[in-house]
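Coordinate inspection notes
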Amino acid sequence: METLKDYIERGYGVRRTPLYVAERCTERKATTHVCQTCAEICPQNIYPTGKRKRPMWDQCLKCGLCTAACPARCITVPSRKAESFLMAVARKGRLTVACEKEGSAARLNERCIVALSWEQLAYAALRDGVVVSLRVCGDCSDDVCKGIIEQNLKELEFFLGEEVYRERVTVLREGDTYEVSTSEEAISRRDLFGFFGNLSVDTAFTMMPKIESTRDSGLFFRAMLRDIVAQKAADTELAQRPKYAVRLPHFTEKCYNCGHCQQACPNDALKLVKGQNGFIAKVDVWKCTGCGLCMSKCRAGGIDRIVPMRVSTLGAVAVAKLPDHICSICGRVYPYDNELDHCKTCESKLRAAEMKREREEKRKRKAMQEADEALEAKIAAGTTET
C-alpha cells in the first residue's frame, strides 16, 4: 500500500530533500535588498555562497530549517517533515512542540523550533491550539534562529489577532510549566493511511491541502492554512466570520495595467483582470508572501507599499478596482496624470510637432527678414528696377 510519504512526493511535488526553486527566490529578482536567510540558517552550509551555484544536497540533514525560514517560501519542504507534521496534528488536543534538546514529552520535537513556520503554527492553532516551548532557547547560542523564532511568533499573533492568539497559542519560556493531557485521542498511522483505500478517515483527508500544481509545492503549509481557514468560514455565519491579518500590495490610481507586477510575482499570486470600465487587481492571499517584488518592479508607482489587510479567506481577493486610462489620441492605456488626457508618448509627439512648427515658422520669418534686408540694400544702392 502507498505510504503517506510516497503520496506527498507523488501528488504534491515534494521530495526527500528540499527543492530550491531559484526562479522563485527573491534574492535572484530583487534589486533593493539582499536575502541570505537559507545560507545563514543551514547547519551544513549547503546553500550557494560566493561562486558556488547549486546547493550541495548530499550534505543535507533534511532538518527543514531552510524551508520554514525562507521568507519567499521558494524551498519545498522535505516529505519526511510534511509527514511528521501531518501525523502530529492528526491527534486531538493542543499540539505541543519543543526543541529536541529539551527532552520533553512534546508531540512534535524538532531540531530547532525554526523548523516550524508560522503557517504551521497557525494551522495547529486554528485546529485545536498549539503550545510552543522555548524553555531551552535561552541556553542556545544561535542568535539567527532566536531572531527568526521571535519573528514567527509576531507574525503568528499578527495573523490570528491578539484575542485569538491569547486563546489558542501558549508560549512556554524558561521556568514555565504545562500539563500535557493524557486523554488526548490519537489517530493511528494505519488509520491515517486509510484515505488511500476505502476506509472512512475524514480527519486525515481534510488535512491534506488542495494544490492544483506541483509548482506550489513550496507553499504546502500555506495551502493547508488556506483550507482550514475556508473550513472555519464555512462553519460560521457570514457576519461572525473571523478576520485574519495579512500583508498585501496597495495599488494607487497611477496603476494602468501594464502587467510588470504580475510578471514579477515569484508565486504567481497577483492577477490583473479586465473588468467593466476598468480592471481589477486580485491576489491569491495564500500565495502572496509580502515580499514586495511587485512594488519594486512597478515603473509607474502603481504599487506604493505593502499594507496590512484583514481578510476572511486566504483565497483570491480583490484588492483594488481601477479605471482604464485611455489615451485620447492613440487609444492605449497610460499612467494616470491629472494634467493630461493622453499618454506621455503622444505628449512627446505633440511637443515634437510643436517644436517642428516653431522651427519652421522661425525659418520662414528669418527668410522674409533676409529678403527685406536685401531689398533695402538694393534700394539704398539705387539698383532697384522700376
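Look above for the structure.
A short tour of the structure in this document, coming up. Since this is a predicted model, take the numbers as computed values, not measurements.

Strand order in the open sheet made by the three strands is β8-β9-β11, with antiparallel pairing throughout. Every other strand in the sheet has two partners, leaving β8 (270-275) and β11 (316-322) as the edge strands with one partner each. For this sheet the average axis-to-axis angle between neighbouring strands, irrespective of direction, equals 30°.

Attention shifts here to the nonpolar core. The biggest cluster of nonpolar side chains holds 79 residues, and the ones touching the most others in it are Phe159, Leu225 and Phe251. Residues Tyr20, Cys25, Ala39 and Ile75 belong to the second largest nonpolar core, which totals 13 residues.

Before going further, it helps to examine the layout of surface pockets. Quantified by volume, the largest pocket comes out at close to 660 Å³. Contributing to the lining of the largest pocket are 30 residues, with Pro71, Arg73, Trp118, Glu155 and Thr289 lying nearest its centre. Of all the secondary structure elements, the ones that give two or more residues to the lining of the largest pocket are α4 (65-69), α6 (118-127), α7 (143-160), α11 (220-234) and β7 (244-251). Of the residues assigned to the lining of the largest pocket, the class counts are 18 nonpolar, seven polar and five charged.

Glancing now at the side chain of Glu110. Position of Glu110 relative to the elements: it lies in strand β4 (residues 108-110). A polar atom in the side chain of Glu110 sits 2.3 Å from the side chain of Lys81. Apart from the residues lying within four places of it in its own chain, the contact partners of Glu110 are Cys63, Lys81, Ala98, Cys99, Glu100, Ala115 and Leu116.

Throughout the structure, instances matching the rule amount to 14 salt bridges. With a closest N to O distance of 2.9 Å, Glu119 and Arg73 form a salt bridge. With Glu119 in helix α6 and Arg73 in the loop between α4 and β2 (75-76), this pair connects stretches of sequence that are 46 residues apart. For the pair shown, Glu119 and Arg73 are each scored as buried. Here Arg173 makes a salt bridge to Glu150, at a shortest N to O gap of 3.0 Å. Within this pair, whereas Arg173 is found in the loop between β6 (169-172) and α9 (189-192), its partner Glu150 is found in helix α7, the two being separated by 23 residues in sequence. Classification of Arg173 as partly exposed rests on a relative accessible area of 39%. Given a relative accessible area of 32%, Glu150 falls into the partly exposed group. Each of Arg73, Glu119 and Arg222 takes part in a single network of salt bridges with overlapping partners.

Let us now look at the sheet that holds β4. Pairing in this open sheet of four strands is parallel, and the strands run β4-β3-β5-β6 from one edge to the other. Two strands bound the open sheet, and with one partner strand each, they are β4 and β6. Within the sheet, the average angular offset between the axes of one strand and its neighbour, ignoring direction, is 15°. Pairing between strand β3 (residues 95-99) and strand β5 (residues 130-133): three bridges, direction parallel. Residue pairing in the sheet places Val97 in a bridge with Val132 of β5. Contacting β3, β5 and β6, α6 runs over the sheet at an angle of about 135° to β5.

Further remarks concern empty space enclosed by the protein. Counted according to the given criterion, the structure contains seven cavities of 30 Å³ or more. For the largest cavity, the calculated volume is near 130 Å³. Around the largest cavity, the lining is made up of 16 residues, and of these Cys265, Ala269, Cys288, Cys291 and Cys294 lie nearest the centre. Grouping the amino acids of the lining of the largest cavity by side-chain chemistry returns 11 nonpolar, four polar and one charged. Forming the boundary of the second largest cavity are 14 residues, of which Thr67, Arg73, Val77, Gly218 and Phe221 lie nearest the centre. Every element with two or more residues in the lining of the second largest cavity is listed here: α4, α6 and α11.

A turn of α-helix holds 3.6 residues, and therefore any two residues three or four places apart point the same way. Most of helix α5 (residues 79-89) sits inside the fold, with nine of its 11 residues counted as buried. Every buried residue of α5 is listed here: Ser79, Lys81, Ala82, Glu83, Phe85, Leu86, Met87, Ala88 and Val89.

Moving on: the packing of aromatic side chains. Within the structure shown, the criterion is met by five aromatic pairs. Judged by centre distance (5.3 Å) and plane angle (80°), the rings of Phe85 and Phe221 are edge-to-face. Here Phe85, found in helix α5, pairs with Phe221, found in helix α11; they are 136 residues apart in sequence, far enough to count as distant. A residue is classified by how much of its surface remains accessible, and Phe85, at 2% relative accessible area, is buried. The positively charged end of Arg247 is found above the aromatic ring belonging to Phe158, 4.0 Å away from the centroid.

About the cut-offs
- Residues numbered from 1 in each chain as written.
- Predicted model: local features only at pLDDT ≥ 70, side-chain atom pairs only at ≥ 80, totals over all residues.
- Heavy atoms only, no water.
- Pairing = 2+ DSSP bridges.
- Helix = DSSP H or I, 4+ residues; strand = E, 2+ residues; numbered from the N terminus.
- Axes fitted to C-alpha atoms, helices over the stretch in contact; angles between N-to-C directions.
- Core = buried A, V, L, I, M, F, W, Y, C linked by side-chain atoms within 4.5 Å.
- Buried < 20%, exposed > 50% of the residue type's maximum accessible area, 1.4 Å probe, protein only.
- 1 Å grid on protein atoms, 1.4 Å probe; cavity = no way out; pocket = protein on both sides within 12 Å on 5 of 7 lines; lining within 4 Å.
- Points joined across faces, edges and corners; volume = space filled by probe spheres on them.
- Nonpolar A, V, L, I, M, F, W, Y, C, P; charged D, E, K, R; others polar.
- Polar contact = N/O pair within 3.5 Å; in protein donor to acceptor, adjacent residues only side chain to side chain.
- Contact = heavy atoms within 4.5 Å.
- Salt bridge = Lys/Arg side-chain N within 4 Å of Asp/Glu carboxyl O.
- Phe/Tyr/Trp six-rings, centres within 6.5 Å; stacked < 30°, edge-to-face > 60°.
- Lys NZ or Arg CZ within 6 Å of the ring centre and 35° of its normal.

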